[in-house]
Each structure stands twice: as structure tokens, then as C-alpha cells.
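# Architecture at a glance
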2 protein chains.
Amino acid sequence: MNTRIFYLNQIKDVLKNVDLLAPIEQGFVAYSQGKAVVPPIGELIFDNPPGDVHIKYGYIAGEDDYVVKIASGFYENPKHNISSSSGLMLLFDQKTGELKAILLDEGYLTNVRTAVAGAIAARYLAPSTVNRIGIIGAGIQGRKQLEYLKTVVACRDVMAWGIDERELAAYKNDMESFGFRISTTLSVDEIASRCNLIVTATPSQNPLLHAGQIKNGTHITAVGSDTPQKNELEPDILHKADIVVADSIEQSRSRGEIYQARKAGLLNEDNLVELGRIIANKKLGRTRDDQISVVDLTGVVVQDIQIAKAVFHRLQNRL
Amino acid sequence: MNTRIFYLNQIKDVLKNVDLLAPIEQGFVAYSQGKAVVPPIGELIFDNPPGDVHIKYGYIAGEDDYVVKIASGFYENPKHNISSSSGLMLLFDQKTGELKAILLDEGYLTNVRTAVAGAIAARYLAPSTVNRIGIIGAGIQGRKQLEYLKTVVACRDVMAWGIDERELAAYKNDMESFGFRISTTLSVDEIASRCNLIVTATPSQNPLLHAGQIKNGTHITAVGSDTPQKNELEPDILHKADIVVADSIEQSRSRGEIYQARKAGLLNEDNLVELGRIIANKKLGRTRDDQISVVDLTGVVVQDIQIAKAVFHRLQNRL
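Every chain's residues receive numbers from 1 upward, in the order its sequence appears when written. Following the order in which they are written, the chains are lettered starting with A and the ligands numbered starting with 1. Only residues with pLDDT of 70 or above have their local features reported here, since the model is predicted, and side-chain atom pairs are shown and tallied only from 80 upward, although totals for entire chains, interfaces and linings are computed over all residues. Water and hydrogen atoms were dropped before computing side-chain values, which therefore reflect all heavy atoms in the structure.

## Some words on empty space enclosed by the protein
Residue and element names in this part refer to chain A. This is how it is decided: In the cavity and pocket records, a cavity denotes points on a 1 Å grid over the protein atoms alone where a 1.4 Å probe fits but cannot get out, a pocket denotes an open set with protein on both sides within 12 Å along at least 5 of 7 lines, and lining residues are residues with an atom within 4 Å of a point. Grid points are joined across faces, edges and corners, and a volume is the space filled by probe spheres set on the points. Strands are runs of DSSP state E lasting at least two residues, helices are runs of H or I lasting at least four, and both sets are numbered from the N terminus onward. Ten residue types, Ala, Val, Leu, Ile, Met, Phe, Trp, Tyr, Cys and Pro, are classed as nonpolar, four, Asp, Glu, Lys and Arg, as charged, and the remainder, Gly among them, as polar.
Taken as a whole and judged by the stated rule, the model has one cavity of 30 Å³ or more. Forming the walls of the largest cavity are Val38, Pro39, Pro40, Ile41, Ile55, Lys56, Tyr57, Gln251 and Val301. The element contributing the most residues to the lining of the largest cavity is strand E4 (residues 50–60), with three residues. Classifying every residue of the lining of the largest cavity by side-chain character gives seven nonpolar, one polar and one charged.

In C-alpha cells form, the structure reads like this:
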């Protein structure tokens with residue numbers, strides 16, 4: 001078999017013409033139905049300079065491919081003008097083990113599939129009318145989330161929170177080019193009071209949003225926390241919520257917002273549902289506009305499997 | 001960083017001029033000294049058709065690179081004229097996470113580094129005079145083992161066991177071109193009675209060699225079993241042996257011949273030594289020609305790290 005090799009510019013180029021929502025929704029459904037084989041995440045941690053490497057791998061039973069994804073973050077790289085994220089995705093044949101394709105995405109597809117999961121969360125759980133989108137965290141993921149929300153939410157009014165005016169000015173400039181009207185704030189409280197669809201996308205290890213700030217009829221997607229340390233939402237928010245959704249209940253036992261709320265004894269297990277079950281049966285999601293809903297995304301390899309397949313098939317058809 | 005990509009023909013080409021024994025011996029020593037970071041092996045098992053995938057990754061502290069190796073065996077592939085082994089090796093920068101090189105070795109380097117480990121095992125544990133080499137398993141690994149034994153053992157008389165006459169005729173034909181005199185047999189007992197250096201290289205899940213067959217003064221290198229299921233040696237052989245050597249004592253807790261013997265309650269832990277300790281201190285290995293020694297190779301990522309580095313540096317210097 002000839003292994004096909006694709007570079008980041010080719011990948012970005014075809015992404016414009018690939019529908020990612022449908023396959024990633026299908027991936028979550030397959031995962032929640034137990035059809036996905038998802039072994040524990042492989043991990044390498046470096047201290048000097050600090051860096052972490054995650055190796056996610058698995059497959060959906062009966063499909064053509066299995067996928068291995070390697071993605072790393074070395075947070076001091078930007079000092080040397082090197083991107084903090086690196087990585088690649090590999091597609092192999094499930095029937096022969098042959099390496100079909102190498103996607104040299106440098107971590108880009110991980111950012112995209114995370115944003116797509118945010119869009120899926122909004123599609124199934126946002127109130128019927130979104131009056132304003134609130135983005136907490138004006139970095140790469142705060143950008144990508146908004147880009148992909150555009151495909152599922154009609155609202156174009158956005159309020160963004162960031163760490164300083166400079167970061168927010170750059171965010172406003174970048175995201176207005178996508179057709180959004182962006183206002184900015186340094187007050188999380190303002191986001192909570194004026195937005196009914198809120199996305200948190202920071203690496204914070206201390207809660208940014210507090211239960212007292214959250215109004216009825218608010219949906220929150222928390223994408224920042226994917227480790228046992230990171231924590232964007234005060235656990236009481238999950239206690240107060242009518243619906244709490246995990247991308248993976250299994251993974252949320254050891255990382256993310258649900259992990260934090262459970263640890264604090266503030267998780268009502270009866271309100272906890274897996275995203276794939278809501279996609280398969282919308283009745284398990286939001287049923288009234290005045291409900292509070294929270295989706296906690298820790299990142300599941302089915303997202304990587306589905307995006308790698310979708311991108312590869314599109315690249316293949318172009319050649 | 002520009003990722004360098006190398007293909008199998010380029011890799012095979014430089015391998016002729018790379019000394020692999022020294023770096024892989026150093027890798028085993030570093031591993032046994034605790035200098036290597038070797039997380040648990042990632043694994044995917046397929047049933048239909050049967051296949052197993054191993055993801056090995058790690059690094060030696062303070063070096064330049066970390067390595068991820070993916071290698072699979074799909075044993076029904078040859079029916080469709082496809083090699084049973086596939087895979088690749090990836091070298092990343094330990095300081096930035098950047099992907100430096102992709103070695104598209106299709107599993108070849110895994111076969112080679114396994115054969116090199118077999119040669120190292122023989123160098124340190126075979127009796128001083130080898131009268132005949134016995135190879136059990138006339139497949140790819142049975143060929144590679146013999147090829148690399150040539151560099152450390154003077155004996156050129158070989159008896160090979162295989163599953164049928166056709167397989168054995170092909171083996172004899174291929175390996176005589178390396179300068180060996182090959183006789184063949186369908187009786188494992190004949191191998192045990194006539195060879196004092198025996199290599200088992202099959203994916204068998206039932207013991208092929210039994211304790212009653214093993215004469216004093218025999219060395220056995222078991223390379224076939226790298227999972228909890230595979231088992232080439234009756235556990236009583238390890239009980240009977242004077243010296244039992246693991247490439248990794250840690251890994252042998254959950255896979256390989258030592259795992260099987262321990263499970264059967266037939267492992268004398270006092271006789272168990274790690275290969276890297278013997279390389280560093282030969283006195284821990286065979287001390288008399290009439291001893292029975294067993295080396296159980298499950299495959300450690302330090303072998304992959306060392307072969308990937310050696311091959312990459314040689315490829316880089318050619319360009």
C-alpha cells in the first residue's frame with residue numbers, strides 16, 4: 001500500500017469543503033453506544049522545558065480505519081517563535097494494519113475537532129433563541145469555537161472576555177472578519193449577565209464563572225479543562241444546572257469540570273447525560289428555554305477518528 | 001521545523017552501514033539503570049481478521065529525541081500477498097515536541113531491532129561453543145534472527161522447524177544465501193535434541209517446547225510472545241532454567257513467557273535478571289556451559305529509540 005502524506009496547507013484547504021458536524025456527531029453516538037474502542041490516553045510529560053504529549057488511539061468497530069493521534073503542547077515554544085502545538089494523525093487499515101495516510105496537521109485538527117464538538121453542544125443544548133454569544137478566553141480555541149458556532153447558531157452578536165485589552169483587540173479584529181459583531185470586556189460577570197450561550201476556552205486552574213452569576217436559560221460549554229488540574233466552572237454551577245452533559249462519562253471520572261463537581265460532592269448524577277445519547281435522542285437534552293445546561297468537553301478519540309477520516313477522504317477524492 | 005520523511009528502501013539501504021548492536025546494548029543498559037521513560041504499551045487487538053497493534057513510546061532522559069513507534073501484526077495478510085507487519089517510527093524533539101522525522105519502515109525496523117536483541121541475548125548467554133542453531137518458526141523473524149546471529153556466533157549449522165515443507169524449503173533457500181547450512185524438520189523434539197542455541201519466533205498461543213526436551217547446556221531466546229496470550233515455552237522450562245532473563249522485568253509482569261511461568265507458579269524470582277544488567281555486568285549471566293538459560297524478549301521501546309536514532313542520524317548524514 002502506498003502511504004499518502006498530506007501537509008497542513010493541504011489539510012486547511014480541504015477543510016473548507018468538509019462537513020465535520022455530521023461525522024463527529026456520529027462519532028459521539030457510536031461512542032455512547034459502546035461501538036468505539038478507546039483505550040486509555042498515552043501520555044509523556046516533560047519538565048524542562050515543560051511540555052505534554054498525548055497519544056490518543058482507537059477505532060469504531062466494523063469500520064475501515066483505526067486512528068492514532070499524537071498532539072503535544074510545549075508552552076515555552078512561542079519564546080523561540082515556534083508554535084506551542086505539534087502533532088500528526090495517522091490512519092491505518094483495520095483489516096491489514098497498513099498505514100493509509102499521514103496527516104501532518106501540526107495539532108491543527110485537534111483544535112478544529114474541539115471546536116466542532118462545541119458547535120454540536122450548542123446545536124443540541126443552546127436555548128432556542130441565542131441573544132448573545134459569550135466567549136471566555138480569547139486565544140486559538142476561543143477563535144475556533146466561534147468560527148464553528150457560526151454554522152449552528154443564527155446570532156452574530158458576541159461578547160468576548162480575555163486577559164487584557166491587547167488580546168481582545170486582536171480577537172475582535174480577527175473574528176469580525178467572520179461576520180460577527182464583537183464587543184469585549186474584562187468582566188466575566190458582564191458575559192454571564194448578557195449572554196445566554198457561553199463558551200469557556202481557557203487553561204485556567206481556578207473557576208472563572210460562579211453559580212451566582214448564571215441566569216436561568218443559560219447554556220455553558222466548557223472546553224478548557226482536559227486534565228485533573230484545570231477548572232473553569234465553580235462546581236456549584238453543575239449543581240445548579242438542570243442538565244449536565246459529558247462527552248465521555250468515563251473520562252470525566254478523572255478530568256474536567258464534572259470531575260471537579262463530583263469531587264466537591266456537587267454533582268447530581270441523575271442530571272448527567274452523555275453527549276452521544278442526546279444526539280441520538282434529543283429528548284434527553286434541553287426541554288425548556290429556561291433551563292440551565294452545561295456541556296463539559298474533555299476530548300474523545302472518536303472526534304479524532306472522525307475528523308481524520310473525513311479529511312482523508314476529501315483529500316483522496318481531490319487527487 | 002521541516003519533518004524529514006524516509007522510505008523503507010532508503011532505510012534498508014543505510015542499515016547495512018549502521019552498527020546496531022552497540023546502541024541497542026546501550027539502550028538496554030540505560031533502561032535497566034532507570035534512565036529511560038517507558039510508559040505502558042498502547043495496544044489495539046482486532047479479531048476479524050486477527051491483528052494486534054502495539055504503540056510504544058518513550059525517551060531516554062536528557063537526550064534530544066523522544067520516539068513513538070507503531071507496529072502491527074496481521075497474520076492473515078500473506079493470504080492476500082500483503083506483509084503481516086506494518087508500522088512506522090516517529091522521532092520528535094524532546095525540547096519542543098516538533099516532529100523531526102518519520103521513518104516509514106513498514107514494521108521492518110521492529111523486525112530488525114528484535115533480531116538485534118536476539119543477537120545480544122546470544123552474545124551474553126549462549127554457551128561458549130554453539131554446535132547447531134535451532135530456529136523454531138520459519139517466518140520473517142526466524143529469518144532475521146539468524147541473519148543477526150551471524151554477527152555474534154561462529155556456528156553456521158542450523159536446523160529450522162516450520163509449519164510445513166513448503167515454508168521450510170523457502171526458508172532453507174533464503175538463508176543458505178547468507179552462508180548457513182540449513183537442515184529442516186517438522187519435529188520440535190529434533191531441534192531440542194540437536195541444537196544448543198534455540199530461538200523461538202512464532203505467534204503460538206500453546207507451548208511448542210517442553211521442559212522434558214531441554215538438555216543441559218541449552219540457551220533459548222523466546223522472541224515470539226509479546227502479549228498475555230502468546231506462549232511458546234512450557235512454563236516448566238523457566239522453572240528448570242538456571243538463568244531467566246527479561247528484556248524488561250516490568251513488561252514481563254503482564255506478557256511473554258515469564259508472565260506465563262509466573263502465572264503457573266513456576267518462576268523462581270531469584271533466577272530472574274534483566275538483560276541490561278547482564279550487559280553491564282557479564283557475571284550476572286551464564287557462568288557455566290552446562291547451564292540452561294532462557295531470554296524472554298517482549299520488546300522494549302529503548303530498542304526502538306536506539307534504532308530510530310541510529311538510522312535517522314545515518315540518513316541525515318547522507319543528505
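Past the structure itself, the notes keep going.
## Points about the nonpolar core
The following threshold applies: Buried residues of nine kinds, namely Ala, Val, Leu, Ile, Met, Phe, Trp, Tyr and Cys, make up a nonpolar core once their side-chain atoms join them within 4.5 Å. Classification of residues uses two cut-offs on accessible area relative to the type maximum, computed with a 1.4 Å probe and protein chains only: under 20% is buried, over 50% is exposed, and between them is partly exposed.
If you look at the biggest cluster of nonpolar residues, it comprises 71 residues, and the most contacted ones within it are Leu20, Phe28, Leu103, Ile120, Ile133, Leu146 and Val311 of chain B. For this core, the element with the most residues is helix H3 (residues 108–125) of chain B, which contributes twelve residues. Core analysis: the next-biggest nonpolar cluster, separate from the first, contains 52 residues, Val18, Leu103, Ala117 and Phe312 of chain A among them.

## A look at the pairing of strand E3 (residues 42–47) of chain A
Residue and element names in this part refer to chain A. Short version of the rule: Pairing between two strands is assigned when DSSP locates at least 2 bridges connecting them.
Side chains of E3 alternate between two faces, with Gly42, Leu44 and Phe46 buried and Glu43, Ile45 and Asp47 left unburied. As paired elements, E3 and E4 share six bridges and run antiparallel to each other. Looking across to E4, one finds that aspartate 47 is bridged to proline 50. Connecting the antiparallel pair E3 and E4 is a turn made up of two residues.

## Considering the side chain of serine 85 of chain B
Which entries qualify depends on this criterion: Any two residues whose heavy atoms approach within 4.5 Å are treated as being in contact.
Along the chain, serine 85 of chain B turns up in strand E6 (residues 85–93). Setting aside residues up to four positions removed in sequence, serine 85 of chain B forms contacts with Ser72, Glu106, Asn111 and Ile140 of chain B.

## Brief notes about the pairing of strand E12 (residues 219–222) of chain B
All names here are of chain B. Residues His219 and Thr221 point to one face of E12 and Ile220 and Ala222 to the other, with burial holding for every one of them. In terms of strand pairing, strand E11 (residues 197–200) meets E12 through four bridges, oriented parallel. Residue pairing across strands places threonine 200 opposite alanine 222, the latter belonging to E12.

## Looking at the sheet that holds strand E8 (residues 133–136) of chain B
Residue and element names in this part refer to chain B. As a reminder, the rule being used: Note on geometry: axes are C-alpha line fits, over the in-contact stretch for helices, and angles between N-to-C directions span 0 to 180 degrees.
The parallel open sheet is built from eight strands, whose spatial order is E10-E9-E8-E11-E12-E15-E13-E14. Pairing within the sheet leaves two strands with one partner each, and these edge strands are strand E10 (181–185) and strand E14 (272–274). Averaged over all neighbouring strand pairs, the angle between strand axes comes to 20 degrees, with direction disregarded.

## Details of the interface of chain A and chain B
The cut-off we apply is this: Buried area: the accessible surface (1.4 Å probe) lost by two parts on joining, summed over both. Any Lys or Arg side-chain nitrogen located within 4 Å of an Asp or Glu carboxyl oxygen qualifies as a salt bridge. Counting of polar contacts relies on pairs of N or O atoms within 3.5 Å, with two restrictions inside protein: one atom must be capable of donating a hydrogen and the other of accepting it, and residues adjacent in sequence are counted only when both atoms are side-chain atoms.
Between chain A and chain B, the contact holds 37 residues from the first and 35 residues from the second. Buried area between chain A and chain B, both sides added, is near 2,800 Å², and the carbon and sulfur share of it is 72%. Counting across the interface, chain A meets chain B through zero salt bridges. Where chain A touches chain B, the interface holds four residue pairs in polar contact (both at pLDDT 80 or more).

## Observations regarding the environment of tyrosine 7 of chain B
Note that tyrosine 7 of chain B resides in strand E1 (residues 4–7). C-alpha separation for the pair tyrosine 7 of chain B and isoleucine 307 of chain B, spaced 300 residues apart in sequence, amounts to 15 Å. With residues near it in sequence (within four places) discarded, tyrosine 7 of chain B still touches Ile5 of chain A together with Leu104 of chain B.

## Details of helix H4 (residues 140–149) of chain B
All names here are of chain B. The element H4 is largely enclosed, with a buried count of eight among its ten residues. The complete set of buried residues in H4 reads Gln141, Gly142, Arg143, Lys144, Gln145, Leu146, Tyr148 and Leu149. Contact partners of the buried residues in H4: H3, E8, strand E9 (157–161), helix H5 (165–176), E10 and E11.

## What about the sheet that holds strand E9 (residues 157–161) of chain A?
Residues and elements named next belong to chain A. Spatially, eight strands are ordered E10-E9-E8-E11-E12-E15-E13-E14 in an open sheet, and the strand pairing comes out parallel. The outermost strands of the open sheet, each flanked by one partner alone, are strand E10 (181–185) and strand E14 (272–274). Each neighbouring strand pair of the sheet contributes to a mean axis angle of 20 degrees, computed without reference to strand direction. Both strand E13 (residues 243–246) and strand E15 (residues 293–296) contribute to a ladder of four bridges, which runs parallel. What sits directly across from valine 245, in E15, is valine 295.

## Quick notes on the relation of the copies chain A and chain B
Test applied: Copy-to-copy superposition: least squares on the C-alpha atoms, limited to residues that have pLDDT of at least 70 in both copies.
Take chain A, turn it by 175 degrees, move it 0.6 Å along the axis, and it overlays chain B with an RMSD of 0.8 Å. What we have between these two chains is a two-fold relation. Residues of chain A ranked by C-alpha distance from the rotation axis are headed by glycine 42 of chain A, positioned 3.2 Å from it. The share of interface residues of chain A whose copies in chain B are also at the interface is 95%, consistent with both copies meeting through the same surface.

## Considerations on the packing of aromatic side chains
For any pair of aromatic rings, the description rests on two quantities: the centre-to-centre distance and the angle between the ring planes. Worth spelling out the cut-off: Working definition: rings of Phe, Tyr and Trp (its six-membered ring) pair if their centres are within 6.5 Å, and the pair is stacked with planes under 30 degrees apart, edge-to-face with planes over 60 apart, and tilted otherwise.
Scanning the entire structure with this criterion turns up ten aromatic pairs over all chains. Ring centres of phenylalanine 46 of chain A and phenylalanine 74 of chain A lie 5.8 Å apart, and the angle between their planes is 35 degrees; on these two criteria the pair is classed as tilted. With phenylalanine 46 of chain A in strand E3 and phenylalanine 74 of chain A in the loop between strand E5 (65–73) and strand E6 (85–93), this residue pair connects regions lying 28 residues apart in the sequence. Like phenylalanine 46 of chain A, the residue phenylalanine 74 of chain A is buried in the burial classification. Here a set of aromatic residues connected by ring pairs shows up, and it is made of Phe46 and Phe74 of chain A together with Tyr59, Tyr66 and Phe92 of chain B.

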